[in-house]
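Architecture and fold: a report
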Amino acid sequence: MCERPRVISVLSSLLDRVVARNETQILAHNHSSCPQKMTVFHGFKAPNISIEKYLERIFKYANCSPSCFVVAYAYIDRFIRQQPGIPITSLNVHRLLITSVMVAAKFLDDAYYNNAYYAKVGGVTTAEMNRLEIEFLFRLDFRLQLTVRVFESYCSHLEREVSLEGGAPSYQVEERSLQWAACGLDGANPQDKSHEKQRVSLLCSYGGS
């Protein structure tokens, strides 16, 4: 079994903080002009499994490359920026993760499992997995391509988490990109990093299931 990549713990820690902050904001805005929108990604209650354990499960059974988790992070950021009224919360973060990782694997990896398999890994039905994928793709306007520069900008933010061992200041930019009605990472200046460049294929189409 492959050793768990560091991106799992870093990404789960980041999303935990984003969820906590967004849910605090939702409570503060309760009965205001910013009601929370419900989507196909929302469950009636939060799953019992933590974000970290859920990501570990996806990595263990989906056999996708570590790069997929960085790309999935970028897709979720892009998703939220295009739907600022849909914050990441405990009700939707798990479905967003399984969907974004599956889409990233189809886009990046040479071999990947089908939707029925990902549904079992993610704890949803195949029909629901299909709906989640279609909804996710349309909400992204099928914009799945990431340039090397954009990929590296997300890597640099996540790597800063590792170097600072989860210190609060390093969350500032990433949390803003994923918070309710907040901007993304377009203005970030990526550092010059060459590792994993080969993992980012500049593909022009999406491989269907």
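The coordinates are above.
What counts and how
- Residues numbered from 1 in each chain as written.
- Predicted model: local features only at pLDDT ≥ 70, side-chain atom pairs only at ≥ 80, totals over all residues.
- Heavy atoms only, no water.
- Helix = DSSP H or I, 4+ residues; strand = E, 2+ residues; numbered from the N terminus.
- Buried < 20%, exposed > 50% of the residue type's maximum accessible area, 1.4 Å probe, protein only.
- Contact = heavy atoms within 4.5 Å.
- Axes fitted to C-alpha atoms, helices over the stretch in contact; angles between N-to-C directions.
- Parallel < 35°, antiparallel > 145°, perpendicular 65-115°, else oblique.
- Left-handed = near helix turned anticlockwise from the far one by under 90°.
- Core = buried A, V, L, I, M, F, W, Y, C linked by side-chain atoms within 4.5 Å.
- Disulfide = S-S within 2.5 Å.
- Phe/Tyr/Trp six-rings, centres within 6.5 Å; stacked < 30°, edge-to-face > 60°.

**Looking at unusual backbone geometry**
- Although it is not a glycine, asparagine 63 adopts a positive phi angle of roughly 55°.
- With respect to the helices and strands, the residue asparagine 63 is situated in the loop between helix 2 (51-62) and helix 3 (66-82).
- Judged by relative accessible area, asparagine 63 falls into the exposed class, the value being 54%.
- Of note in the backbone geometry, phenylalanine 142 takes a positive phi value of approximately 60° without being a glycine.

**Notes on the environment of valine 40**
- Within the fold, valine 40 resides in the loop between helix 1 (6-28) and helix 2.
- In sequence terms valine 40 and arginine 95 are 55 residues apart; their C-alpha atoms lie 8.8 Å from each other.
- In this structure, valine 40 is in contact with Arg95, Glu128, Leu132 and Glu135, ignoring residues within four places of it in sequence.

**Some remarks on the packing of helix 1 against helix 3**
- Interaxial distance between helix 1 and helix 3 falls to 10 Å at its minimum, and their mutual angle equals 20°. In terms of their interaxial angle, helix 1 and helix 3 are classed as roughly parallel. Read as a crossing pair, helix 1 and helix 3 show a hand that is left-handed. Seen from helix 1, the contacting residues are Val7, Ile8, Leu11 and Leu14; seen from helix 3, they are Pro66, Phe69, Val70 and Tyr73.

**Comments concerning the nonpolar core**
- Counting residues in hydrophobic clusters, the biggest one holds 55 residues, and the most contacted among them are Phe69, Tyr75 and Ile88.
- Not counting residues within four places of it along the chain, the set of residues in contact with tyrosine 75 comprises Ser100, Val103, Ala104, Phe107, Phe136, Leu140, Leu144 and Leu146.

**Describing the state of the cysteines**
- Using the criterion set out here, one finds zero disulfides in the structure.
- Free of any disulfide, cysteine 64 has its nearest neighbouring cysteine sulfur in cysteine 68, separated by 4.6 Å.

**Quick word on the packing of aromatic side chains**
- Across all of its chains, the model carries seven aromatic pairs by this definition.
- Where tyrosine 113 meets tyrosine 117, the ring centres are 3.9 Å apart and the plane angle is 20°; that geometry is what we call stacked.
- Look at tyrosine 117 and you get partly exposed, because its relative accessible area is 26%.
- With a centroid separation of 5.0 Å and 80° between ring planes, the pair formed by phenylalanine 138 and phenylalanine 142 is classed as edge-to-face.
- Relative accessible area serves as the criterion here: at 43%, phenylalanine 142 is assigned to the partly exposed category.
- Through pairs of rings, three or more aromatic residues link up here, namely Phe41, Phe79 and Phe136.

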